[in-house]
Amino acid sequence: MEIAVRAAGTDVAKARATLEKDLGFGRYFADRMFQMKFNEERGWHDAEIIPYQALQMDPAAMVLHYGQEIFEGQKAYRWDDGRIAMFRPDANAARMNRSAQRLCMPPIPPDDLVQATLTLVGQLAEWIPSSPSTLYVRPTMIASEAALGVRPAKEYLYFIICSPVGPYFPKGFAPVRVKAEPAYVRAVEGGTGDAKCGGNYATSLLAQNIAKSEGFDAVLWLDAKEHRFVEEIGAMNILFVVDGKLVTSPLHGSILPGITRDSILRLAADEGMKVHERPLSIQELTQGIERGVVTEAFGAGTAAVVTPVGIVGWGGKDYAISDNQVGPITKHFYNVLTGFQYGKTKDPYGWVRTVEVPARVA
Ligand SMILES: *Cc1c(COP(=O)(O)O)cnc(C)c1O
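Residues numbered from 1 in each chain as written. Predicted model: local features only at pLDDT ≥ 70, side-chain atom pairs only at ≥ 80, totals over all residues. Heavy atoms only, no water.

Undergrad: Would you explain the packing of helix α3 (residues 89-102) against helix α4 (residues 110-123) in this entry?
TA: A pair of packed helices is captured by two measures, namely the crossing angle of their axes and the spacing between those axes. Where α3 meets α4, the closest approach of the two axes is 9 Å, and the angle between their N-to-C directions is 125°. Classified by the angle their axes make, α3 and α4 are oblique. Seen along the crossing, α3 lies across α4 with a hand that is right-handed. Note on element contacts: α4 touches α3 through P110, L113, V114 and L118, opposite P89, D90, A93, M96 and N97. (Axes fitted to C-alpha atoms, helices over the stretch in contact; angles between N-to-C directions. Helix = DSSP H or I, 4+ residues; strand = E, 2+ residues; numbered from the N terminus. Parallel < 35°, antiparallel > 145°, perpendicular 65-115°, else oblique. Left-handed = near helix turned anticlockwise from the far one by under 90°. Contact = heavy atoms within 4.5 Å.)

Undergrad: Before we go on, may I ask you to explain the nonpolar core in this structure?
TA: In a soluble, globular protein the nonpolar side chains are often hidden away together inside. The biggest cluster of nonpolar side chains holds 50 residues, and the ones touching the most others in it are F34, W44, I70, V121, M141, Y156 and Y158. Where this core is concerned, the elements lending two or more residues are β2 (32-39), β3 (43-51), β6 (84-87), α3, α4, β7 (134-143) and β8 (156-165). With seven residues, the top contributor of residues to this core is β8. The contact partners of M141, leaving out residues within four places of it in the chain, are W44, Q68, E69, I70, M96, A100, M105, P106, I108, Y156, L157 and Y158. (Core = buried A, V, L, I, M, F, W, Y, C linked by side-chain atoms within 4.5 Å. Buried < 20%, exposed > 50% of the residue type's maximum accessible area, 1.4 Å probe, protein only.)

Undergrad: When you look at the domain arrangement of the chain in this model, what are you seeing that I'm missing?
TA: Many analyses report the size of an interface as the accessible area lost when the parts associate. Per the domain assignment, the segments making up the chain are domain 1 (4-169) and domain 2 (176-325). Each of domain 1 and domain 2 has a C-alpha centre, and these two points are 28 Å apart. Across the contact, 19 residues belong to domain 1 and 20 residues belong to domain 2. Taking both partners together, domain 1 and domain 2 bury about 1600 Å²; carbon and sulfur atoms supply 62% of that area. The three residues of domain 1 that bury the most area against domain 2 are F71, R95 and R102, which together make up 34% of that side's buried surface. Where domain 1 packs against domain 2, one counts one salt bridge. With a closest N to O distance of 2.9 Å, D262 and R88 form a salt bridge. Counting residues per element, the ones that place at least two in the side of domain 1 that touches domain 2 are β4 (69-71), β5 (74-78) and α3. (Domains from an automatic or database assignment. Buried area = accessible area lost by both parts, 1.4 Å probe. Salt bridge = Lys/Arg side-chain N within 4 Å of Asp/Glu carboxyl O.)

Undergrad: I'm lost on the site of the ligand in this one. Help?
TA: Taken together, 14 residues lie around the ligand, and K196, Y201, E232, T260 and T302 are the ones closest in. Taking R95, its side chain carries an N or O atom lying 2.7 Å from an oxygen atom of the ligand. Here A235 contributes a backbone N or O atom positioned 3.4 Å from a nitrogen atom of the ligand. Isolated, the ligand exposes 380 Å² of accessible area, and the fraction of that covered by the protein chains is 95%. Sorting the residues of the shell around the ligand by element identifies β12 (236-242) and α6 (259-270) as the ones contributing at least two each. When grouped by side-chain class, the residues that make up the shell around the ligand number five nonpolar, five polar and four charged. (Near = heavy atom within 4 Å. Polar contact = N/O pair within 3.5 Å; in protein donor to acceptor, adjacent residues only side chain to side chain. Areas by Shrake-Rupley, 256 points an atom, 1.4 Å probe, with all protein chains shown as cover. Nonpolar A, V, L, I, M, F, W, Y, C, P; charged D, E, K, R; others polar.)

Undergrad: For this particular structure, what's the right way to read the state of the cysteines?
TA: Simply put, disulfide is the name for a covalent bond between the sulfur atoms of two cysteines. Within the structure shown, the criterion is met by zero disulfides. Not engaged in a disulfide, the cysteine C104 finds its nearest cysteine sulfur in C197; these two sulfurs lie 12 Å apart. On the accessibility criterion, C104 (48% relative accessible area) is partly exposed. (Disulfide = S-S within 2.5 Å.)

Undergrad: Got a minute to help me understand the pattern of salt bridges in this structure?
TA: A pair can form between side chains of opposite charge whenever their charged atoms are brought close. This structure, assessed with the given rule, holds 16 salt bridges. Between E145 and R151 there is a salt bridge whose closest N-O contact spans 2.9 Å. On the accessibility criterion, R151 (34% relative accessible area) is partly exposed. E189 serves as the salt-bridge partner of K225, at 3.9 Å between the closest nitrogen and oxygen. Of the two residues, K225 sits in the loop between β10 (218-222) and β11 (230-233) while E189 sits in the loop between β9 (176-180) and α5 (198-213), which places them 36 residues apart along the sequence. What makes K225 exposed here is its relative accessible area of 64%. Overall, E189 belongs to the partly exposed group, its relative accessible area being 41%.

Undergrad: Would you mind going over the pairing of strand β16 (residues 305-314) with me for this structure?
TA: Burial runs high along β16: nine of the ten residues are buried. Relative to β16, β9 runs parallel, the two being bridged by four bridges. Across the sheet, V178 pairs through a bridge with V312, a residue of β16. Pairing analysis gives four bridges linking strand β15 (residues 294-301) to β16, with the strands arranged antiparallel. Bridge pairing in β16 links A300 to V306. Between β15 and β16, which pair antiparallel and follow one another directly, the connecting turn spans three residues. Note: β16 against strand β17 (residues 317-320), four bridges, orientation antiparallel. Residue W314 lies in a different strand from β17, and its bridge partner there is K317. Here β16 folds back onto β17, and the loop between the two strands holds two residues, one of which, G315, carries a positive phi near 60°. (Pairing = 2+ DSSP bridges.)

Undergrad: Help me understand the environment of D194 in this model?
TA: Here D194 is to be found in the loop between β9 and α5. With relative accessibility at 33%, the residue D194 sits in the partly exposed group. Between the alpha carbons of D194 and I255 there is a distance of 5.0 Å; along the sequence they are 61 residues apart. Setting aside its immediate chain neighbours within four residues, D194 contacts G253, S254, I255, L256 and P257.

This is the structure we're talking about:
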């Protein structure tokens, strides 16, 4: 794919000044973006890197009315030796296309998706903070055709924006308190829970607000049919250590197939740990916590990599896992994955891709 680089050099002074700030998450954006367009005559075309700017959109653009939108979440890491790396960008590309298929949006050749991401990230090297901060990368596809009527759009926009972000846990690796949600659901089998689409997030906000007002950090989602089986936590997959085995829900349609989850399952199996992808009920979980059989629980996702779960709230009661301490297996997977991502440990899987940074013309 030919990518036209239309923006003159990135504003290095602005990038440096931004990285000095308290970055938080998704507050600042790098000064260039990637975009490309789709229509039925030309397919995907006009791939370009342009200055970061507001989108020009018709108020009838179909994404605004019928929610045809999908996205990805990735990160670029700055290594101590100055190199830039990304983690399994091919997996994000594959998932983008699976999401596209679910929402009747046009696929993009996976190599083009990876190339677009790596090229933009290379151009934005100055915006990538050093460890433990990162550059968060957000590829997005929206239905841009101006038309009302419920059908798949005929025109789309694909863009990538990037945001330098601070560490997900500024106060360190602290266990979170989550509320198992008895009534609201995030996703249902046959729905879009296994696609990364904005609509899933809109659906999750109300329960999240209620949980926050009750002093919880996130929602532990249960299945939509029986309100029984544990599915995800916030916008992360969730894994448990039960009797020394790693247990997580199978990908049966309402679970987002996380790349972090997948990587951890692979690592665990290769390290000889027993891995069970099986349903785990909230009853088994709370009783297992009480009996000391469930010794660890953690969320898995790109944003925080691994998030230890310390307390599960259910039926008005708090269940503390291993005295609300971070467990050794949780810590281990965090260390191994971040070790690969920041180039501190050699990655035997070929998951890490270093990014070519173009030489600057001074
Ligand atoms: C993105 C996402 C995840 C995590 O996926 P990763 O590929 O590991 O970042 C988990 N659950 C939901 C609902 C998500 O949207």
